[in-house]
Amino acid sequence: MEIESGTRVFSAVEAKDVCVRRDSDESGDDILSEQSGSSRFHSEEEGDIALDSCSSDEEWQPETPVAGKRPHSAAFQESSSEESDEEHCPSTPQTPRSRRSRGRGRGRARANSEQSSSSALPEEKWLDVSDPDITPVQPVFRPVHTPGPKLIPTAAYTALQLFQFFFTNSVLQTIVTNTNEYGRAHHTTASNPWADITLQDMFSFMALVIYMGIVKCSAFPDYWRGGSLYSLPFPSTVMSRNKFRRINQSLHLNSRADDAANDERRGTPTYDRLCKIKPLYEEMRTACKQNFHPAQAIAVDERMVASKARIGLKQYMKNKPVRWGYKLFVLADSKSGYTWDFFVYQGKQVSSEKGLGYRSVTQLLDTTLLGTGYKLFVDNFYTSPALFRDLLKQKVWACGTIRTNGRVNHMSSRSPRGSIRWIRKDSLLFLQWKDTRDVFMCSTFHTAHGPDTVSRRVKGEDGQWTKKDIPVPPAVKEYNQYMGGVDLSDALITYYKVLHKTRKWYKTFFYHFMDIATVNAFILHKELAMGKGGKPLTQKAFRETLAEQLAQVGSATTSTPAPSAPAPSTSGPSHHKPVYISGDSSKGRLKCRQCHSKTPVKCGSCNIPLCFVANRDCYNAWHNAQGL
C-alpha cells in the first residue's frame, strides 16, 4: 500500500533537523500499558506531534527568505518537551499514518500542554516544483559478494539441504543433548522414565511441527485422532502422540549448567536475558548472513512475535497487528524478503543519546559484510538527520518517512492533490507531498521532484469520481516500492507459521527460528530455480516437501542424518578445499561452525567457516563428522 497524506493547517515555525523517537519502545516492565502501545503510524487527528533534534545532531538555522517572495507558512519546529526516556531523543512524538499496509489504527488523540512560541523564529522558505533541485550523488553499488544465494548455482539442492544451512546437525545435536538433560531432570517418573531422544527423533519432531503449520488443528491430540472427521495418516507414521508430547514438554535449547550460572548473575550487568536461546540464536543470525547476500535495496523494520508469556522481554504495542509479544529488529532484502540479520529487543538497558532507532540500524548494518552503495529504506521510527548523515559517511544512502511536529503546517485544503514542496539542507532533502494526507519524507539520494506520476481517484465538480494522474516525488515512489522487505518476510512466515501457544518463552523463539529458516530456505530455492530458468515450488509445496524429507531422515536407521553440507554440483565432483573468506586474511572473519571461534577460513564447496590452524583443526574434524 502506498503512503498517503492529510490536510490539517497549523502556525508557521522554524525549519530544523529531525530526530525521530516514540514512546512505545520500552519494556513491559518499565511502562504502563496505556503508554507503551503507541503506533508507528497515526493520522493527523492525534494532535500535536514533535519533530525534534537529537543532542548529537548538528544545529542549523533556516535561511532568510528571498526578498520579493512570500514564504510558505509551514516548517519544522523544535519541541520544548522534556526528556522522559533515556532510550529516546528528548520527545515523545507521533507521526502521520504513512504506510497503511500494516493495518495500523489511528491511535488515541493526545493534547500537547506545551506550546512553544514562534514569534522570535524566522520562517523558512519552502520551494516547489517550479524551483529546480540538484541531483544528489547517486550510490555506486559495491557489494562484498554477488547479490543472491551464496551457494553453488549449478547444484541441485533438496529442500532439506537448504533448511539445514540454518538448522545444522551440530546445533540440532546440541538441542538434543540439552533436551535429554532437561527431560531426565524434570519429566521422568518411576512408572514413566525418560527415554533419551536421538537426532532422528528431532528430525521427526520438526517434520510434524512444519506439517502442523500447513494442516491446522485446534489441539495436538487431534492429529492422532481417528474417526471420520480426522484420521490424518501422516502424524502417526512419523511419531507417536506421547513421544511428540514429551519432546515438546522437555524441549530445551541451552544446558542446565549455563542456565544455573546465568541465574546466579541475575541483577548484575553480566546477566544475559537471552541465555536460554543463545546457542540457536547466534547460529541463526550467523547462518542468515552466510548463505545470502542482499541486493542494493534493503529495509530495516520491526517484527513482533506473538506471545503472552510472563517475562520482561515481552512488549505491548497498542496498534500493531500483534499487540503482545517479543520485538525483533530485522534487516531484510527488499526484493525477496530474505531475513539477512535480526536481533531481539531486550528492553531499556543503557542510555543512548542518539536513540534506539539509530542504535538498531547501526547494529544491523555491517558494511564490512555487506559492502557499500546500499539504499536503505526505513520508516519514521528510525529516520533522523544524525543517522542519515552518519550512514552517508559509510557510503550507505537512506530514505524514510519522518514524523512531524503537530505545529508544522500541512498544506492548505485548497492545494491540489499532488502538490510538492521541499527544503534541501546539505545532503538532506526534506519533502512534503499532498495526497489524501500530507506525507513528510527525508532522503539523501533523491531529487525533490521529477516526471513520475501516480493514478488516483479524484472527485470532480460534478460529483463524479474519475481517475487522474498526479505528480509523485521520486522519494515517495521508491519508498513504496522497497520499504516492504520486512513486511514481505512477515507475510511469508504468517501464511504457514509453525508457532504454537506455549508458556515457555524460549520455545516461542525456537518455533520462530524454524519459521525464519524455512522461509529463508524457500527464498534460496526460489532464487536458485529462477537463476537456472526453472519454475520454483510454491511455499506450500516447499514446506510439504520439507516435512516429508524430514520425516524420511527421522525414520532412517543410520546414526547420522542428511549432512548439512550442500549437494555436489552436477557438473563434476565436489572438492572440499579451504579458502579465505576474503582477500585479506585479517578481515571478514566469521564464527567457526565447529568451535565458534573467529576464523578467516571456510570450505570452498560447503561455504561453511571452519578453523584450520595447527592447534584447532576444525576443518577436518567437521568434514569427518559429516562423512565428507
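This one's a predicted model, so the numbers in the text were calculated from it and none came from an experiment.

A. Highlighting the overall build of the protein chain. Scanning the protein chain from N- to C-terminus turns up 15 helices and 20 strands. Across the 628 residues that make up the protein chain, the buried fraction comes to 55%. Of the roughly 26900 Å² of accessible surface on the protein chain, 50% is carried by carbon and sulfur atoms.

B. Quick look at the packing of helix H13 (residues 505–531) against helix H14 (residues 539–554). The contact between H13 and H14 brings their axes to 10 Å, and the two run at 115°. The angle between H13 and H14 places the two elements in the roughly perpendicular class. As H13 runs across H14, the sense of the crossing is right-handed. Counted together, Asp515, Thr518, Val519, Ala521, Phe522 and His525 of H13 and Gln539, Phe542, Arg543 and Leu546 of H14 form the full contact between these two elements. Partitioned by chemical class, the residues of the contact of H13 with H14 number five nonpolar, three polar and two charged.

C. Broad picture of the nonpolar core. Formed by 108 residues in total, the largest nonpolar core has its most connected members in Phe167 and Phe510. Core analysis: the second largest hydrophobic core is formed by 21 residues, Leu431, Trp433, Val472 and Val476 among them.

D. The pairing of strand S7 (residues 324–333), seen in detail. Buried residues dominate S7, accounting for nine of its 10 residues. Of the strand pairs in this sheet, strand S5 (residues 297–306) and S7 are connected by nine bridges, and their pairing is antiparallel. From the neighbouring strand, Met304 faces S7, where its bridge partner is Lys327. Where strand S6 (residues 315–316) lies against S7, two bridges are found, and the strand directions are antiparallel. Bridge assignment links Gln315 to a residue of S7, and that residue is Gly325. Counted along the chain from S7 to the antiparallel partner strand S8 (residues 339–344), the turn is five residues long, and its residue Gly337 has a positive phi close to 85°.

E. Here's a closer look at the pattern of salt bridges. Inspection of the entire model under this criterion finds 19 salt bridges. Of the charged contacts in the structure, one is a salt bridge between Arg225 and Asp222, with a shortest N-O distance of 3.3 Å. Judged by relative accessible area, Asp222 falls into the buried class, the value being 8%. Taken together, the shared-partner salt bridges in this structure form one network comprising Arg285, Lys289 and Asp341.

F. How the structure looks around the packing of aromatic side chains. Per the counting criterion, the structure on display carries 29 aromatic pairs. A centroid spacing of 5.6 Å and a plane angle of 35° characterise the contact between Phe377 and Tyr482, whose relative ring orientation is tilted. Of this pair, Phe377 sits in strand S10 (residues 374–378) while Tyr482 sits in helix H11 (residues 474–482), and the two are 105 residues apart along the sequence. When its relative accessible area of 24% is taken as the criterion, Tyr482 is described as partly exposed.

G. The arrangement of the environment of His576 in detail. As for its placement among the helices and strands, His576 is situated in the loop between H14 and strand S17 (578–580). Its relative accessible area of 28% is what places His576 among the partly exposed residues. Each C-alpha atom, one on His576 and one on Ser605, is 5.3 Å from the other, the two residues being 29 residues apart in sequence.

H. Region of interest: the packing of helix H3 (residues 199–214) against H14. Running from N to C, H3 and H14 cross one another at 155°; their axes reach a closest spacing of 7 Å. Accordingly, the angle class assigned to the pair H3 and H14 is roughly antiparallel. Once H3 is placed against H14, the crossing between them reads as left-handed. Together, Gln200, Phe203, Ser204, Met206, Ala207, Ile210, Tyr211 and Ile214 of H3 and Lys540, Arg543, Glu544, Leu546, Ala547, Leu550, Ala551, Val553 and Gly554 of H14 make up the contact between the two elements. Here the contact of H3 with H14 is built from residues that sort into 11 nonpolar, three polar and three charged.

Cut-offs and rules
- Residues numbered from 1 in each chain as written.
- Predicted model: local features only at pLDDT ≥ 70, side-chain atom pairs only at ≥ 80, totals over all residues.
- Heavy atoms only, no water.
- Helix = DSSP H or I, 4+ residues; strand = E, 2+ residues; numbered from the N terminus.
- Buried < 20%, exposed > 50% of the residue type's maximum accessible area, 1.4 Å probe, protein only.
- Areas by Shrake-Rupley, 256 points an atom, 1.4 Å probe, with all protein chains shown as cover.
- Axes fitted to C-alpha atoms, helices over the stretch in contact; angles between N-to-C directions.
- Parallel < 35°, antiparallel > 145°, perpendicular 65-115°, else oblique.
- Left-handed = near helix turned anticlockwise from the far one by under 90°.
- Contact = heavy atoms within 4.5 Å.
- Nonpolar A, V, L, I, M, F, W, Y, C, P; charged D, E, K, R; others polar.
- Core = buried A, V, L, I, M, F, W, Y, C linked by side-chain atoms within 4.5 Å.
- Pairing = 2+ DSSP bridges.
- Salt bridge = Lys/Arg side-chain N within 4 Å of Asp/Glu carboxyl O.
- Phe/Tyr/Trp six-rings, centres within 6.5 Å; stacked < 30°, edge-to-face > 60°.

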